[in-house]
Amino acid sequence: MRLSVIGCGYVGLVSGACFADFGHDVVCVDKDADRVAALRRGEIPIYEPGLDDIVASNARQGRLKFSLDIAEAVRGAEAIFIAVGTPSRRGDGHADLSYVYAAAREIAAALDGFAVIVTKSTVPVGTGDEVERIIREARPDADFVVVSNPEFLREGAAISDFKRPDRIVIGTTDARARETMSEIYRPLNLNQPPLFFVDRRTSELVKYAANAFLATKITFINEIADLCEKVGANVQDVARGIGLDNRIGGKFLHAGPGYGGSCFPKDTLALVKTGQDADSPLRLVETVAAVNEQRKRAMAKKVIAACGGSVRGKTIAVLGLAFKPNTDDMRDAPSIAIVTALQDGGAKVRAFDPASMEHARELMPGVEFCGDPYACSEGTSALVIVTEWDPFRALDLDRLTGKMASRVIVDLRNIYRPEEVRRRGIHYVGIGLPS
Ligand SMILES: NC(=O)c1ccc[n+]([C@@H]2O[C@H](COP(=O)([O-])OP(=O)(O)OC[C@H]3O[C@@H](n4cnc5c(N)ncnc54)[C@H](O)[C@@H]3O)[C@@H](O)[C@H]2O)c1
C-alpha cells in the first residue's frame, strides 16, 4: 500500500519505518528541513534502539522516503497518518492542536482520490470531527474518511511495541476505512494482535484513559512509598505483594521520582481539561497530576536531607537525565525539576546521561556535563540516580564513591540493594525503604 506519515518525531518515524518494514511504500514528511535532510543522509534525529537499522534497510530498498512536501507525499496515498506533536497549550493544560489542524489543512489541499486520514497523534475527544470539518470545508469535493488510531508505543521499546502491540485501536464506523486499516495492519496478523474497532470518539478517549490509568498506578505506588518511609515498611515488597494479584498486575508499580516524559504529564492535564469542559470532572486524575507535580521537587528535598539539611556550596552528581532509560527525550523529565530545585538550594550540579546530554544542555543552564558516572561523582557531596539506565545498575561503587567529598547515594529508582551499598560504608537513601 502507499502510505504517508506527517511528522517524523518519535511516533511518526517509528510508525513510518515499521510500516515500510511490513512492505508498504511510505513517504514520511516533516516541516523541519534539517530533520528531513538528516534522515535522507541516513542520520536518525532521535535515540531509539534499533531504529537506525530499520530506516537504513527500508530506505535502501526504496520503500521509505523522506520529504518536506506534504502535497507530494499525499498524492496517491491510500492512507495519510497525522503524527505531529500535541503538546500542552501554554498556560492552561489543554492539548495544543494547532499542528494537527495545520497538517489537516495541508493534506486537504493535496487530496486526490479516496484516502483515509488517520490521526495517530494523541488528540482529545472530538478532534477527529474538527479535522473532518476542516478538510470538508477546504475541499467539499474530496473523497476521504477521518479515522482515529492512537499509538501506544513506549519510547525505548518503540519498535517491538509497534510490531507486537497488545492491541490496535481503530476508531471508525466507515466500511471503506475499516477495510483500508485492516489491510495496513494485515502484516501483523501472524502475531494476532486484536484489531479493536470502535467509534472515533471512543478511540480518542481510549488513549487518554490508558495513559491516565498508568499515571495513576505510578502515583499510587509513589504515595505508598512515602507512607512506607514513615512507618518502616518496604515499598518494593508491597508492590510485589499487590502486583502478584493478577487483578492488579505488577507493571507500573515501581516507586520513583514521579512520572515524566512527552506523554503522561500533558495527557493527564488534557484529560482533566476535557472532563472539566464536559462538566464531568475527573477528580482522581486531577489529584494524580497535582501529586506528581509536587513529587519532583520533593525528591530534591530528599537529596538535601541526605546531605544533612543543606546543599549550599556543595556539588551534587546526577546520574540519568532522560525521563526514562533508552531514550534521549527530555520532555517533562523529573530531572529538570530536581536539578533546578538543587540549584535553588545553592548546589552546583554535575550530570551524566548516556543519550540525552545534548538536549539537556539547553534545558539545564549552569550544569556541568561529564563523560561518565565516575568522572561525574568526583568531589561531590551526594550522587543521585534519577534514571535507571542499564549501565548504572552495576557500577563499581567503591570507585564511584572513592573520590566523593562525602559518600552519599540517593537512589530514586531503587536499583541497588540498600544493605549491599551500606556495607561499604556508603550512606544510602532509596525510595520507600526502611532506613
Ligand atoms: N513519544 C511517544 O512516546 C508517544 C507515544 C504515543 C503517542 N504519542 C503522541 O504522538 C504524537 C507525536 O508525538 P512525538 O513524540 O512523535 O512528537 P515529536 O515532537 O517528536 O514529533 C513531531 C514532529 O512533527 C513535525 N511536524 C509538526 N507539524 C508538522 C506539519 N504540519 N507537517 C509536517 N511535520 C510537522 C515536527 O517538526 C516534529 O518533527 C503526539 O500527539 C504524542 O502525544 C507519542
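Just above sits the structure.
Reading the values: rules and limits
- Residues numbered from 1 in each chain as written.
- Predicted model: local features only at pLDDT ≥ 70, side-chain atom pairs only at ≥ 80, totals over all residues.
- Heavy atoms only, no water.
- Helix = DSSP H or I, 4+ residues; strand = E, 2+ residues; numbered from the N terminus.
- Expected span 1.5 Å × (residues − 1).
- Buried < 20%, exposed > 50% of the residue type's maximum accessible area, 1.4 Å probe, protein only.
- Contact = heavy atoms within 4.5 Å.
- Near = heavy atom within 4 Å.
- Polar contact = N/O pair within 3.5 Å; in protein donor to acceptor, adjacent residues only side chain to side chain.
- Areas by Shrake-Rupley, 256 points an atom, 1.4 Å probe, with all protein chains shown as cover.
- Nonpolar A, V, L, I, M, F, W, Y, C, P; charged D, E, K, R; others polar.
- Phe/Tyr/Trp six-rings, centres within 6.5 Å; stacked < 30°, edge-to-face > 60°.
- Pairing = 2+ DSSP bridges.
- Right-handed = clockwise from strand over helix to strand, strands pointing away.
- Axes fitted to C-alpha atoms, helices over the stretch in contact; angles between N-to-C directions.
- Parallel < 35°, antiparallel > 145°, perpendicular 65-115°, else oblique.
- Left-handed = near helix turned anticlockwise from the far one by under 90°.

A. Structural view of helix H11 (residues 264-277). Taking 1.5 Å per residue as the helical rise, H11 with its 14 residues ought to reach 20 Å, and the 20 Å between its terminal C-alpha atoms agrees with that figure. If you check which residues of H11 are buried, you get Phe264, Pro265, Lys266, Asp267, Thr268, Ala270, Leu271, Val272 and Gly275. Residues of H11 that are buried make contact with helix H9 (200-231) and helix H12 (283-306). Where H11 terminates, the next one or two residues include aspartate 279, which has phi positive at roughly 55 degrees.

B. Region of the structure containing the site of the ligand. In the vicinity of the ligand there are 27 residues, among which Val11, Asp30, Thr86, Glu155 and Lys266 approach most closely. Measuring from an oxygen atom of the ligand, one finds a side-chain N or O atom of lysine 266 at 2.6 Å. Contact with the protein chains covers 90% of the free accessible surface of the ligand, which is 840 Å². Residue assignment for the shell around the ligand shows that the elements contributing at least two residues are helix H1 (10-21) and helix H5 (98-110). Classifying every residue of the shell around the ligand gives eleven nonpolar, seven polar and nine charged.

C. Representation of the packing of aromatic side chains in the model. Under the counting rule described, the total for this entry stands at nine aromatic pairs. Considering the side-chain rings of phenylalanine 19 and phenylalanine 22, the 6.3 Å spacing of their centres and the 70 degrees angle between planes classify their relative orientation as edge-to-face. Looking at phenylalanine 19, the relative accessible area reads 0%, which means it is buried. Ring plane angle 40 degrees and centroid distance 4.9 Å describe the contact between phenylalanine 19 and phenylalanine 81, whose orientation is recorded as tilted.

D. Up close: the pairing of strand E6 (residues 144-148). For E6, the tally of buried residues reaches five of five residues, placing the bulk of the element in the interior. Sheet analysis places strand E5 (residues 115-119) next to E6, joined by five bridges and oriented parallel. Paired with threonine 119 across the two strands is serine 148, which belongs to E6. The β-α-β motif built from E5, the intervening helix H6 (residues 127-138) and the parallel element E6 has right-handed crossover chirality.

E. Structural view of the packing of H1 against helix H3 (residues 51-60). Taken N-terminus to C-terminus, the directions of H1 and H3 make an angle of 50 degrees; their axes are 9 Å apart at the nearest point. With respect to H3, the axis of H1 lies oblique. Read as a crossing pair, H1 and H3 show a hand that is left-handed. Residues Leu13, Val14, Ala17, Ala20 and Asp21 of H1 touch H3, and the partners they reach there are Leu51, Ile54, Val55, Ser57 and Asn58.

F. Structural view of the side chain of lysine 217. Structurally, the position occupied by lysine 217 is in helix H9. Of note is the side chain of lysine 217, whose polar atom sits 3.2 Å from the backbone oxygen of glycine 249.

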